[in-house]
Amino acid sequence: MASVGTYSGPIGNAQAPVVQGAQVWVKHVNGKGGVGGHRVELVVYDDGGDPARHRAQVQDAIERRGVIAFLQNSEPISGAGSVEYINQRRVPVIGMSGAEGWAASSPMYFPQASTGQSLYDAVVAGVAAEWVPQGYTKVGTLVCTEGQACPDTEKTFARDAAKFGYEHVYRGKTSLAQPDYTAECLAARSAGAEALFMILDANGISRVASACARQGYRPRFSAVSAATAVRFKDDPNLDGFIGPSPVFPYFQSGTLATDEFRAAMRANNVPLSPSGAHGWTAGKLLEKAAAGLSEPPTSEGLLLGLWSIKNDTLGGLTGPLTFIKDQPALNPACWYLTGVKNGEWVSPNGFQLNCR
């Protein structure tokens, strides 16, 4: 197996912990004898956000290392140019960051949760379900300029405003590397935004909250859970934060699936995190697909296992997954709600899975 993605630089700050969750799954499953009796080996390539390097690394993984699948390719700005080659070689990509829109058109991509436009739909529905009933009906967005997911999410907020009963009053664009967001906070306040959704990394989100607080501006904040950090609970500027998550809340316990995650992370001395939950879920999808893998293991054998998965939530770790032979994955918009309240991470709706 290989993971090819952006694991350095500003975007890598958000993506590297996702791969760490997949790596914990690898150690955990190998400790149980592997999948289908086969030990899992995972080689991680860092493409540095360069599409050409990504394409070369994908080819190296397939042609030189002989990988039969990719696990948790976090490639939101670098992976589009490799899709045609992956399709031709028929090597499945199992798990991704969620911002890879090409998963909706490629039969070789197997997302572990809502991805691309389905994820953006889930995010908007999730925050609207929390904000609008509480009277936060003037919404702003502050999105990065580094990837297509940023403007696509902004467009989804604008498109769905009337449907969900809010006004999209502010649209800000910025860089993940920007050191201060005072100007954006002032612009959002001037536009009347009572709530602000951000497509930034965790450090950027913290800087926005701090900059706004210095100006006496305290809107409700939100971002997709993979971009959040556990430390948000300790930041009074982020109290009331909402983070829709396409996979289970990382702090959930009391089910077989979530308790296995928590035990594996502890055993490997890796802190529980929202990003880790995404990578772990990708590993569990691979585990499910490879349960009946034949000898010797091949990409086609793994594809057969993936195509056998129907309406499966992996024990409650994600929305229902269904894969059909040689067709793009069915990709419903599903989410769990996480949030920060009084210094703790909570699930405002009691760990309920929502789909639309």
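Computed from a prediction, not measured in an experiment: that's the story for all the values here.

A.B. asks: Is there a simple way to think about the overall build of the protein in this case?
C.D. replies: Broken down by element type, the protein carries 10 helices and 13 strands. The C-alpha atoms of the protein give a radius of gyration of 20 Å, which matches the 21 Å a tight globule of 356 residues would have. Judged by the C-alpha coordinates and their principal axes, the protein covers about 65 × 45 × 35 Å. For the protein, the residues scored as buried account for 59% of the 356 residues in total. Sequence-distant contacts, at least 24 apart, represent 67% of the contacts inside the protein between residues at least 6 apart. Accessible area of the protein: about 13400 Å², with a carbon and sulfur share of 51%. If the 30 positive side-chain charges of the protein are averaged to one point and the 31 negative ones to another, these points end up 2 Å apart.

A.B. asks: What am I meant to see in unusual backbone geometry here?
C.D. replies: Most peptide bonds adopt trans geometry, and most residues besides glycine take a negative phi value. Here the residue pair Glu295 and Pro296 is connected by a cis peptide bond, since its omega of -5 degrees sits within 30 degrees of zero. Residue placement: Pro296 occurs in the loop between helix 9 (274-289) and helix 10 (299-307). We note that Gln72 has phi near 55 degrees; this positive angle belongs to a residue other than glycine. Relative to the assigned elements, Gln72 resides in strand 3 (residues 70-73). Given the relative accessible area of 0%, Gln72 is considered buried. Look at Asn342: it is not a glycine, yet its phi comes out positive at around 55 degrees.

A.B. asks: Which parts of the structure should I look at to understand the state of the cysteines?
C.D. replies: By definition, a disulfide links the sulfur atoms of two cysteine residues through a covalent bond. In the structure shown here, the tally under the stated rule is 3 disulfides. Disulfide pairing places Cys144 opposite Cys150 at an S-S distance of 1.9 Å. In terms of burial, Cys144 and Cys150 fall into one category: buried. With its sulfur 2.0 Å from that of its partner, Cys334 forms a disulfide with Cys355. What sets the handedness of the Cys334 and Cys355 disulfide is the S-S torsion sign, and at about 110 degrees it is right-handed. Residue Cys334 is located in strand 11 (residues 334-341), and its partner Cys355 is located in strand 13 (residues 354-355); the two are separated by 21 residues in the primary sequence. Numbered by order of appearance in the sequence, the disulfide-linked cysteines of the protein pair as 1-2, 3-4, 5-6.

A.B. asks: How should the packing of aromatic side chains be read in this particular structure?
C.D. replies: The description of an aromatic ring pair uses the distance of the two centres, along with the angle that the planes make with each other. If you walk through the whole model with that rule in mind, you get 11 aromatic pairs. Measuring from centroid to centroid gives 5.1 Å for Phe110 and Phe323, while their planes differ by 75 degrees, and the two rings are edge-to-face. With a gap of 213 residues between them, Phe110 in strand 5 (residues 109-110) and Phe323 in the loop between helix 10 and strand 11 connect regions that are remote in the sequence. Taken as a pair, Phe110 and Phe323 share a single burial class, namely buried. Residues Tyr250 and Phe251 carry aromatic rings whose centres are separated by 5.2 Å and whose planes lie at 90 degrees to one another, so their mutual orientation is edge-to-face. Phe251 matches Tyr250 in its accessibility class, with the two residues each being buried. In this structure an aromatic cluster arises from ring pairing among Phe232, Phe241, Tyr250, Phe251, Trp345 and Phe351.

What counts and how
Residues numbered from 1 in each chain as written. Predicted model: local features only at pLDDT ≥ 70, side-chain atom pairs only at ≥ 80, totals over all residues. Heavy atoms only, no water. Helix = DSSP H or I, 4+ residues; strand = E, 2+ residues; numbered from the N terminus. Rg over C-alpha atoms; globule rule 2.2 N^0.38 Å. Buried < 20%, exposed > 50% of the residue type's maximum accessible area, 1.4 Å probe, protein only. Contact = heavy atoms within 4.5 Å. Areas by Shrake-Rupley, 256 points an atom, 1.4 Å probe, with all protein chains shown as cover. Lys, Arg positive; Asp, Glu negative; His and termini not counted. Charge placed at Lys NZ, Arg CZ, Asp CG, Glu CD. Disulfide = S-S within 2.5 Å. Phe/Tyr/Trp six-rings, centres within 6.5 Å; stacked < 30°, edge-to-face > 60°.

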